[in-house]
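Topology and contacts: notes
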2 protein chains.
Amino acid sequence: MNDRYLRALRREPVDCTPVWIMRQAGRYLPEYRATRARAGSFLALAKTPELACEVTLQPLARFPLDAAILFSDILTVPDAMGLGLHFAEGEGPRFARPVRSAADVARLRVPDMHEDLGYVLDAVALIRRELDGRVPLIGFSGSPWTLACYMVEGGGSADFARIKQMAYEAPDLLHRLLEVTTDAVIAYLAAQREAGAQALQVFDTWGGVLSPALYREFSLRYLARIAAELPRGEGAARTPLILFGKGNGRFVGELAATGAEAVGVDWTIDLADARRASGGRVALQGNLDPAVLAASPATIEAEVGKVLDSYGDGPGHVFNLGHGITPDIPPEHVAVLVDAVHRLSAGRASGAGGA
Amino acid sequence: MNDRYLRALRREPVDCTPVWIMRQAGRYLPEYRATRARAGSFLALAKTPELACEVTLQPLARFPLDAAILFSDILTVPDAMGLGLHFAEGEGPRFARPVRSAADVARLRVPDMHEDLGYVLDAVALIRRELDGRVPLIGFSGSPWTLACYMVEGGGSADFARIKQMAYEAPDLLHRLLEVTTDAVIAYLAAQREAGAQALQVFDTWGGVLSPALYREFSLRYLARIAAELPRGEGAARTPLILFGKGNGRFVGELAATGAEAVGVDWTIDLADARRASGGRVALQGNLDPAVLAASPATIEAEVGKVLDSYGDGPGHVFNLGHGITPDIPPEHVAVLVDAVHRLSAGRASGAGGA
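Quick look at the structure, then. Since the model is a prediction, treat every value here as computed from it, not as a measurement. (Residues numbered from 1 in each chain as written. Chains lettered and ligands numbered in written order. Predicted model: local features only at pLDDT ≥ 70, side-chain atom pairs only at ≥ 80, totals over all residues. Heavy atoms only, no water.)

**Section: the overall build of chain A**
Counting its regular elements, chain A contains 16 helices and nine strands. Each principal axis of the C-alpha distribution contributes one length, and for chain A these read about 60 × 45 × 40 Å. Looking at the 355 residues of chain A, the share that counts as buried comes to 61%. Residue pairs in contact within chain A that sit at least 24 positions apart in sequence constitute 73% of those at least 6 positions apart. Within the structure as shown, chain A displays about 12,400 Å² of accessible surface, and the carbon and sulfur contribution to it stands at 52%. The centroid of the 36 positive side-chain charges in chain A is displaced by 1 Å from the centroid of its 42 negative side-chain charges. (Helix = DSSP H or I, 4+ residues; strand = E, 2+ residues; numbered from the N terminus. Buried < 20%, exposed > 50% of the residue type's maximum accessible area, 1.4 Å probe, protein only. Contact = heavy atoms within 4.5 Å. Areas by Shrake-Rupley, 256 points an atom, 1.4 Å probe, with all protein chains shown as cover. Lys, Arg positive; Asp, Glu negative; His and termini not counted. Charge placed at Lys NZ, Arg CZ, Asp CG, Glu CD.)

Written out as structure tokens, the structure is:
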């Protein structure tokens, strides 16, 4: 097996820097759009294990990526908690029953993983089987705070006015919501691990909209609970946990102190600074601005080089974008990126050390 | 005159912390909405000095704010450069002639301040006269980078794909655009000062979307040029320049080193950290999350106290939100905020020292 990705997460030497791309199974690929059209809807695609498996594997057939990531959506968990997820065309996700009152929160239960989220676990098992050891499979979940944003707002939001109002005016209620959601996230990640996921990433997409005080109280606290309580084995067999967040550069030191194995950052922080802040306690994932992928091959290669330089020598770097790839990117540009990461890092001291 | 605001910007002792609110003349005020309806359009309101003066003064009639800010729009400058600004209802600003090519950039000229932007200068002079020394008047401009975002994208943007593409693929072209825009911003701020503005704020709304390397190259560099080249007098008569930016917390030390008199930050950084990073070289403005204003009076007061605590003792703090007030806020909540800032800070060591 190509285990560069897992070795880098364990901060072991690798022959070159591993790379995967957030949303690598996505709309920039014509074959994804074809499968999505066949499925009829985004949710049907996510909820049909065979189709989820098919799109998960599509980017691996094109590019020598070092990891696969389960094709799914972070909102499967609140959907399984009874909120009624649907996608309005061109409008993003919506919940039929958002969580607004104490009664709404009191009704929330940790879903039964096999009853309510079995389709995800079936997809994990199927993908793992189909991968046949080629590269590791990443499972994932939204962070409790990010899931709570959608649960309270009822969908996407520009200003997060409702959940911030809850944070300021009913913090105990929001904590109850986050507690049960964290229980669900831990159970969900543990179930994905049992089904075959070899690394687990938490996406804290919206932690960055918070003040430092609120971030620590409502996002970081629950990320730390996940890092502490998620069962994931020991030693070399330990399943690594990666905490990714947009705008989390301010908190890399605190995220590294949670006990997670890796922290993923966006492009608004230099990896050199992130590395200093993390004190070498974690691997780091990131962090090319996705906008670079719209540029020419020469520019992509140059910018890849800058990210590798910014991380510097030594193990513990997983290359990625700082956020998901956008639908407008030509697939050939992804090939340029993946090749540049492998080629440029193989010539570096970081790549040496021998695997 | 109530000169608390100017004294705080000079880091002199004040009897209590001065406060003003970004977008204090805005849609949350019914009297603003009435004047706006009378004007017929947002642009007519901004371009008619008597009406701009009227809405500038409205919040001062309600609240004991410590400064007035010119009612205008940051896009007046590119509009005067010939881009054809209009507002599509519910869609935000649009330019009829965005700047995309080398020929587009070559056509850009610094507008004639009196010919093309006389309506702004007339508004400044009129407001200053009507204020009659009650509180200082703040003039403002968008930052070169932020103006360039609108000029290249042609309006608002979610991902700034076009201007980032220009930054990566045609950096010299973008620098030429930013040079002429910076010339225009400096001339615009100097003209506002001559017309009567007593402090000058630059709004770098979109610097936060950049990687550190791109921020330094395309935003900070031009902010530094403004700080170095904008004529603003000497000593106690010097007109203070405030550099505000969303997501600029990472760069407070570098912004403080530009020679600007103050740095304005959003709520994603603790003022204590901003103060440390600035090394005491500048005054700091901020930084309550605007979402707090939707909460109860008790919460608003508590959160105001936390911001004051975060800044700590000693002079040099101008209280503000971390971004503009939103239209949904009850005006009475602004009264609670302004009162809390004055009352809680008057009891502090920071307020003492005597003015």
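**A closer look at the packing of aromatic side chains**
Considering all chains together, one arrives at 14 aromatic pairs over all chains under this definition. On the basis of an interplanar angle of 80 degrees and a centroid distance of 5.5 Å, the ring pair of Phe140 of chain A and Phe203 of chain A is categorised as edge-to-face. Placement of Phe140 of chain A in strand S4 (residues 137-142) and of Phe203 of chain A in strand S5 (residues 199-204) is noted, with a sequence separation of 63 residues between them. Given a relative accessible area of 6%, Phe140 of chain A falls into the buried group. For Phe203 of chain A, a relative accessible area of 13% corresponds to the buried category. Their ring planes at 50 degrees and their centres at 5.1 Å tell us that Phe160 of chain B and Trp206 of chain B sit as a pair that is tilted. Here Trp206 of chain B lies in the loop between strand S5 (199-204) and helix H11 (212-229) and Phe160 of chain B lies in the loop between helix H8 (144-153) and helix H9 (161-169), a separation of 46 residues in the sequence. Using a relative accessible area of 3% as the deciding quantity, one classes Phe160 of chain B as buried. Residue classification places Trp206 of chain B among the partly exposed residues on the basis of a relative accessible area of 25%. Put simply, the rings of Tyr32, Phe42, Phe71 and Phe87 of chain A pair up and form one aromatic cluster. (Phe/Tyr/Trp six-rings, centres within 6.5 Å; stacked < 30°, edge-to-face > 60°.)

**Some thoughts on unusual backbone geometry**
Residue and element names in this part refer to chain A. Here the amide bond leading from Gly286 into Asn287 is cis, since omega sits at -5 degrees, within 30 degrees of zero. Examined against the element boundaries, Asn287 turns out to sit in strand S8 (residues 283-288). The phi dihedral of Arg23 is positive, around 65 degrees, even though this residue is not glycine. Mapped onto the fold, Arg23 is located in the loop between helix H1 (4-9) and helix H2 (30-39).

**Let's talk about the packing of helix H14 (residues 271-278) of chain A against helix H15 (residues 297-311) of chain A**
Residue and element names in this part refer to chain A. The N-to-C vectors of H14 and H15 enclose an angle of 25 degrees; their axes lie 7 Å apart at closest approach. Considering the angle they form, H14 stands roughly parallel to H15. Helix-helix and strand crossings are classified by hand; for H14 and H15 the assignment is right-handed. Here Leu271, Ala272 and Arg275 of H14 come into contact with H15, specifically with Val307, Ser310 and Tyr311. In terms of residue class, the contact of H14 with H15 is made up of four nonpolar, one polar and one charged. (Axes fitted to C-alpha atoms, helices over the stretch in contact; angles between N-to-C directions. Parallel < 35°, antiparallel > 145°, perpendicular 65-115°, else oblique. Left-handed = near helix turned anticlockwise from the far one by under 90°. Nonpolar A, V, L, I, M, F, W, Y, C, P; charged D, E, K, R; others polar.)

Coordinates in, geometry out; function isn't part of it.
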